[in-house]
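Below are the chains, spelled out letter by letter.
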Amino acid sequence: MNHPIECHALAKHYGELAALDGISAVVPRGQVIGLLGHNGAGKSTLIKLILGLIAPSGGRLQVLGQSPWRAHALRRRIGYLPESATFYGNLSGRELLDYLARLKQAPRAQVATLLERVGLAHAADRRVGTYSKGMRQRLGLAQALLGSPELVLLDEPTTGLDPQATRELYRIVGELRADGRCVLVSSHLLAELEPHIDGALILRQGKLLAAGSLHALGEQAALPAQVLLRPRELAMGELLARLEAGGVSARPRPDGRLELQVPRAGKLRMLRELLADPAIVDLDVREPTLAQLYDWLGAGPPSTAEVAA
Ligand SMILES: Nc1ncnc2c1ncn2[C@@H]1O[C@H](COP(=O)(O)OP(=O)(O)OP(=O)(O)O)[C@@H](O)[C@H]1O
């Protein structure tokens, strides 16, 4: 069966500039995939190509089994929340969704359900012009879900949302995944995004730097785990000396704990030894984060020399 998004050597040029430079990847059904990259890496260009708003300069792109360029009927099967959604402020939330449901040929009955789902039922009959930024973002999510799209594209979806609304948004994203939809989320907030995605597409200067499940990318990077130790009272010096004698370098932290970088290969053996050490009263293990993986891949912005080249 086709994947919701499949691209091969996909390219988009603006004159001399390769905004996308030969991207090959698939985005599977029933998964939430992070679309990551620094400013100007090519994320919005990829989203516009998927939506069929711009034509590729080369390569092949299939979205829900067809080429998206000028495929107007395909857009009804895709939900899209733009980075800063602007709405006609004189309509109420309900009127606006009613109007968009008609445009998208979505069942009008979905309007009330979606307003409820994004937590806007109480404000459904208020003018959108009176909505807060977070409320407008929720309305944007509701319009993206009209017509029960198979593919949902969310561009920086938590901009302007408070922590509770952010949790609610990711709860809905989780429901979409459970329902077999495919969700592509573009974001710079790696720590916020990490618990909610199955995998990532990481772009840098128009090229695909990495693609795959977070687990597979983590295995590939083989970054060390971070271990935090709390020594028994007055045992810090004794513990540090013992670790150093064993060839382990530890960094004392301002919170009174010791931080160790433990290579994946010897992790279990080292943890067993640490657990048996009477000078340690508490121990935390932290796996490498998406942000560390991102740095390891060198996904940051280009240097001045690269820009000049
Ligand atoms: N219409 C256009 N004409 C010329 N250059 C463009 C156009 N659209 C995008 N670009 C360039 O293509 C490159 C990729 O831009 P794009 O908007 O896809 O990046 P992005 O990863 O979405 O960045 P951001 O995180 O800032 O939104 C950038 O160098 C940008 O200046």
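The structure displayed is predicted, hence computed values, not measured ones.

**Student:** Break down the UniProt feature "domain: ABC transporter" (unreviewed entry) in the protein chain for me, with residues and values.
**Tutor:** In this structure's numbering, the residues bearing the UniProt feature "domain: ABC transporter" (unreviewed entry) are residues 5-230. The distance separating the terminal C-alpha atoms of residues 5-230 is 47 Å; by composition the span is 33% helix and 29% strand.

**Student:** How would you summarise the environment of aspartate 21 if you had to cite specific residues and measurements?
**Tutor:** Tracing the chain through its elements places aspartate 21 in strand S2 (residues 17-27). The exposure class assigned to aspartate 21 is partly exposed, which follows from its relative accessible area of 29%. For the pair aspartate 21 and leucine 208, spaced 187 residues apart in sequence, the C-alpha to C-alpha distance is 8.1 Å. With sequence-adjacent residues up to four places away left out, aspartate 21 is seen in contact with Leu10, Gly206 and Lys207.

**Student:** Pulling in residues and values, what's your account of the site of the ligand?
**Tutor:** What surrounds the ligand is the set Tyr14, Leu17, Ala19, His38, Asn39, Gly40, Ala41, Gly42, Lys43, Ser44, Thr45 and His188. One of the side-chain N or O atoms of asparagine 39 is found 3.0 Å from an oxygen atom in the ligand. At a separation of 2.7 Å, an oxygen atom of the ligand approaches a polar side-chain atom of lysine 43. For the ligand, whose accessible area on its own is 640 Å², the fraction buried by protein is 61%. When contributions to the shell around the ligand are tallied by element, the ones reaching two or more residues are S2 and helix H1 (43-51).

**Student:** Explain the packing of helix H5 (residues 133-145) against helix H6 (residues 163-178) to me, using residue names and the numbers behind them.
**Tutor:** Viewed as axis vectors pointing N to C, H5 and H6 meet at an angle of 10°, and their least axial separation amounts to 11 Å. Regarding the angle of H5 to H6, the classification is roughly parallel. Residues Arg138, Leu141 and Leu145 of H5 form the contact with H6, whose participating residues are Ala165, Leu169, Ile172 and Leu176. A class-by-class count of the residues in the contact of H5 with H6 yields six nonpolar, no polar and one charged.

Rules behind the numbers
Residues numbered from 1 in each chain as written. Predicted model: local features only at pLDDT ≥ 70, side-chain atom pairs only at ≥ 80, totals over all residues. Heavy atoms only, no water. UniProt positions renumbered as here; feature names shortened; annotations may be inferred. Helix = DSSP H or I, 4+ residues; strand = E, 2+ residues; numbered from the N terminus. Buried < 20%, exposed > 50% of the residue type's maximum accessible area, 1.4 Å probe, protein only. Contact = heavy atoms within 4.5 Å. Near = heavy atom within 4 Å. Polar contact = N/O pair within 3.5 Å; in protein donor to acceptor, adjacent residues only side chain to side chain. Areas by Shrake-Rupley, 256 points an atom, 1.4 Å probe, with all protein chains shown as cover. Axes fitted to C-alpha atoms, helices over the stretch in contact; angles between N-to-C directions. Parallel < 35°, antiparallel > 145°, perpendicular 65-115°, else oblique. Nonpolar A, V, L, I, M, F, W, Y, C, P; charged D, E, K, R; others polar.

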